[in-house]
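In case you want the letters, here they are:
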Amino acid sequence: MVDDADLETHLFDFMLKTFAFARTARVDAHELVVFERTETESESQFRPKLVKLRVAVPRAWILYDLAGDALVIAKDGKTAGSRPTGTARETAGGTTEFEEQGVRWKRVKFPDGSYLYAPSELSPTLSTSAGRAVIAPP
């Protein structure tokens, strides 16, 4: 598990993209770390919109990878899961359920047009209005 200084100074690698630390949040019995990134909706559109992406990860699963100088997922708290290689894809082009770094993920679209990536087992709780209020406060 990482400390606050590591969260604030290192980027989080997820889906071949980097995310910055935004906040910690408590949902039920889980202490979560929320990472955020803003990107364009689609470069192929005439007027692309900005889209906010969030990843919510249990704090106990986050590990600092010294070799990669990045925060990664270690579901057991010790061993980083395998990371994909290749080219990052647009959010709309990705699947809504996938596996990365040894964890099953689900992408949920919020009413404001932003997206949340959450572990599948936490997705039902985090996609409720109460969960959204904690993950993406107004």
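Residues numbered from 1 in each chain as written. Predicted model: local features only at pLDDT ≥ 70, side-chain atom pairs only at ≥ 80, totals over all residues. Heavy atoms only, no water.

Undergrad: I tried to follow the pairing of strand 6 (residues 70-73) on my own but got confused; where do I start?
TA: If a strand is regular, its side chains alternate between the two faces of the sheet. Neither face of strand 6 is exposed, since Ala-70 and Val-72 on one face and Leu-71 and Ile-73 on the opposite face are all buried. When strand 5 (residues 62-65) meets strand 6, the two strands line up antiparallel, connected through four bridges. Counterpart to Ile-62 in the pairing with strand 6 is Ile-73. Hairpin connection from strand 5 to strand 6: four residues lie between these consecutive antiparallel strands, with Asp-69 at a positive phi of about 50 degrees. (Buried < 20%, exposed > 50% of the residue type's maximum accessible area, 1.4 Å probe, protein only. Helix = DSSP H or I, 4+ residues; strand = E, 2+ residues; numbered from the N terminus. Pairing = 2+ DSSP bridges.)

Undergrad: Looking at this structure, how should I read the pattern of salt bridges?
TA: Here the idea is simple: oppositely charged side chains can pair when their charged atoms come close. Under the defined criterion, the tally for this structure stands at eight salt bridges. Residue Asp-4 is joined to Arg-59 by a salt bridge in which the shortest nitrogen-to-oxygen separation is 2.6 Å. Of this pair, Asp-4 sits in helix 1 (residues 4-9) while Arg-59 sits in the loop between strand 4 (50-58) and strand 5, and the two are 55 residues apart along the sequence. A residue is classified by how much of its surface remains accessible, and Arg-59, at 8% relative accessible area, is buried. Through salt bridges with shared partners, a single network forms among Arg-23, Glu-36, Lys-52 and Arg-54. (Salt bridge = Lys/Arg side-chain N within 4 Å of Asp/Glu carboxyl O.)

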